[in-house]
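Survey of secondary and tertiary structure
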Amino acid sequence: MPDKICKTIHQYNKEPVPKGDMQKLLEIAEDYKTVKNYVYDRFGGIGSLSKIYPGYTVQNEMTKSGLRAQLGMPSVYFYLAVFDALGDIKSQWTRTKSKLQKLLAANQNLTPEEKHYLRFILKVSNAFGAVLNGEPVKLQKELQMKYEEIVPQADTKKLHRYLCRQVRKYHVKQHTEQATGFSIAERAYRYADDGIYISTKEKRKRIFIRLTDHNQYQSQLYVKLYPGENRIEIKVPVEVMVRKYAEYTGQVGIAMGFYTMLTTDQGHHYGEEIGTYQTEYADWIRVQTGKYNKNRVDNPGRKKYYAQKARYQERLHSYINQELNRFLRTEQPETIYLVKPPKPQAGGVNREINHSITMWQRGYIRKRLQQKCGERSVEIIEVIGKNISKECSNCGAMGSKNNGNFCCPACGFCEEEKTNTARNVRKRGQGGGVLHERGHKEASGKNVTD
């Protein structure tokens, strides 16, 4: 386990932000958006693949572009926007390559040698860029020798055309219309007087925002703007020491559910009201969407909608964090076993059920559980979930589920369905004859706190 883990701290304004000050912040956010879209448009295509790694070429070209002077944007914001957009472009290319890898694995018209060749091209950025731009593949000496060894006997031009076709089909050049926030470096702000001073586009002019806490940080921040509510939210990534609790010695298998958040292998339940919260949220979203679609022309806007939606999410997330804290405090686990998340599947025929499932906070629950376990030095082990809810945790035979209960026809064992599943999760996690993955799960710095 690491000694430290990254988490995000939130700070808020204590008093409403004056309209004039909010307008100055919105100007920065608008310029930030403009710079990002410029970078997306100029460097998001195949012609710029050779420039985005490591990114200094992009920085130099953006300096020469004259865009910063045109916008009158301070360099401290300009270059953060450039590298923010550059990170998004790299992530998009990673997603594209991942999609191509899956297509290769499923393509039955390609020989193993051809697939091996194409995987090499996808893995080596210079080779990938050369193929997409119709240029000869020229690599460093060792890589070039490896490349020449794996070139298949088949027509490589055909393979290159296949790769280019798939990239054109699945790669997306990014664009954003949101101007609701911006990143800010240390030299663009200063904590003092129970608040924070933030640089504006005017030279040597800063606006002051009083905060609800007296904490001060020295790192890159992200300022989120809520102009309709005259407030801001500052997100601060910080590293915290991982704590080791001597009393945390338990081994706990858990099953996640829509109506009960967590059920343990001992039959303990946590988050029993989450189904009510999620259903209420999903029903409200469905009704509001219907109203909006019927009145798109004369609809005055969605300000109230987004405000109410944020309140629903805040209440739901607060409940999730509260119950996760109670789970860890009560169970005191050293190791937690849970099922690997399944791949997305097509919905059924019931629209209301489908809509409710899309509102399921499963991803958020897992993310928060990983964050909290990382802070407490609790290990998470993910197990393969195939037939795990149909298997008898007593004898291993296949049983049946009815009205939330599980019964085994082979041994007569009966138990609550989720408890039976959690028992199977723990058995598999502890090596009960089924493949499982062992390892510590570290939380991302983008996670939010309670």
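Look above for the structure.
Residues numbered from 1 in each chain as written. Predicted model: local features only at pLDDT ≥ 70, side-chain atom pairs only at ≥ 80, totals over all residues. Heavy atoms only, no water.

1. Remarks on the packing of helix α6 (residues 125-132) against helix α8 (residues 156-170)
This is how the line gets drawn: Here the axes come from fitting lines to C-alpha atoms, over the contacting stretch only for helices, and the angles between their N-to-C directions go from 0 to 180 degrees. Under the DSSP-based scheme used, a helix requires at least four consecutive residues in state H or I and a strand at least two consecutive residues in state E, with every element numbered from the N terminus. An angle below 35 degrees is read as roughly parallel, one above 145 as roughly antiparallel, one from 65 to 115 as roughly perpendicular, and any other as oblique. We call two residues contacting when some pair of their heavy atoms lies within 4.5 Å. Three residue categories are used. Nonpolar comprises Ala, Val, Leu, Ile, Met, Phe, Trp, Tyr, Cys and Pro, charged comprises Asp, Glu, Lys and Arg, and polar comprises the others, including Gly.
Running from N to C, α6 and α8 cross one another at 90 degrees; their axes reach a closest spacing of 9 Å. Accordingly, the angle class assigned to the pair α6 and α8 is roughly perpendicular. Mapping the contact onto sequence places Phe128, Val131 and Leu132 in α6 and His160, Leu163, Cys164 and Val167 in α8. Class assignment of the residues belonging to the contact of α6 with α8 gives a composition of six nonpolar, one polar and no charged.

2. Quick look at empty space enclosed by the protein
Cut-off, in case you're wondering: Whether a set of points on the 1 Å grid over the protein atoms alone is a cavity depends on a 1.4 Å probe fitting there but being unable to get out, while an open set qualifies as a pocket with protein on both sides within 12 Å along at least five of seven lines; lining residues are those with an atom within 4 Å of a point. Grid points are joined across faces, edges and corners, and a volume is the space filled by probe spheres set on the points.
This model, assessed by the stated rule, comprises one cavity of 30 Å³ or more. Estimates place the volume of the largest cavity at around 30 Å³. If you go around the largest cavity, the residues you meet are Tyr40, Gly44, Ile89, Gln92, Trp93, His171, Val172, Lys173 and Gln174. Per-element accounting of the lining of the largest cavity gives the leading share, three residues, to helix α4 (residues 75-106). Among the residues forming the lining of the largest cavity, the class breakdown is four nonpolar, four polar and one charged.

3. Examining the pairing of strand β2 (residues 181-184)
As a reminder, the rule being used: For each residue, the accessible area found with a 1.4 Å probe, counting protein chains only, is set against the maximum for its type, and the residue is called buried under 20%, exposed over 50%, and partly exposed in between. Should DSSP find at least two bridges between two strands, the strands are regarded as paired.
Burial along β2 is two-sided: the residues Gly181 and Ser183 and Phe182 and Ile184 are all buried. Across four bridges, β2 lies against strand β6 (residues 221-226) in antiparallel orientation. Each bridged residue has a counterpart across the sheet, and for Gly181 the counterpart in β6 is Lys224.

4. Quick notes on the sheet that holds β2
What holds strands together in a sheet is hydrogen bonding between their backbones, with the strands either parallel or antiparallel. Strand order in this open sheet of four strands is β1-β7-β6-β2, and the pairing throughout is antiparallel. Where the open sheet ends on each side, the last strands, each with one partner, are β1 (4-12) and β2. Averaged over all neighbouring strand pairs, the angle between strand axes comes to 25 degrees, with direction disregarded. Examined bridge by bridge, β6 and strand β7 (residues 231-241) share five bridges and lie antiparallel to one another. Each residue of the ladder has a partner; that of Val223, found in β7, is Ile234. Its contacts with the sheet place helix α1 (residues 19-43) against β2, β6 and β7, and it is angled at close to 85 degrees to β2.

5. Topic: the sheet that holds strand β5 (residues 206-210)
Pairing is antiparallel across the open sheet formed by three strands, whose spatial order is β3-β4-β5. The sheet terminates laterally at β3 (189-192) and β5, the two strands that pair on one side only. Between one strand axis and the next, the sheet turns by 20 degrees as a mean value, whatever way the strands run. Two elements, β3 and strand β4 (residues 195-199), share four bridges in a ladder whose sense is antiparallel. Pairing of Arg190 across the sheet is with Tyr197, part of β4. Across the sheet, α1 touches β4 and β5, and the angle it forms with β5 is around 115 degrees.

6. Quick notes on the packing of α4 against α8
The cut-off we apply is this: Crossing chirality is assigned from the near helix's rotation relative to the far helix, an anticlockwise turn below a right angle marking it left-handed and a clockwise turn marking it right-handed.
Contact geometry for α4 and α8: axes closest at 10 Å, N-to-C directions at 125 degrees. When the axes of α4 and α8 are compared, the pair comes out oblique. Between α4 and α8 the crossing geometry is right-handed. On α8, the residues that touch Trp93, Thr96, Lys99, Leu100, Leu103 and Leu104 of α4 are Tyr162, Leu163, Gln166, Val167 and Tyr170. Along the lines of polarity and charge, the residues of the contact of α4 with α8 split into eight nonpolar, two polar and one charged.

7. Points about the environment of Ile196
Looking at the secondary structure, you find Ile196 in strand β4. Distance in space between the C-alpha atoms of Ile196 and Leu211 is 7.2 Å, their sequence separation being 15 residues. With sequence-adjacent residues up to four places away left out, Ile196 is seen in contact with Tyr189, Arg190, Tyr191, Ile207, Phe208, Ile209, Leu211, Leu221 and Ile234.

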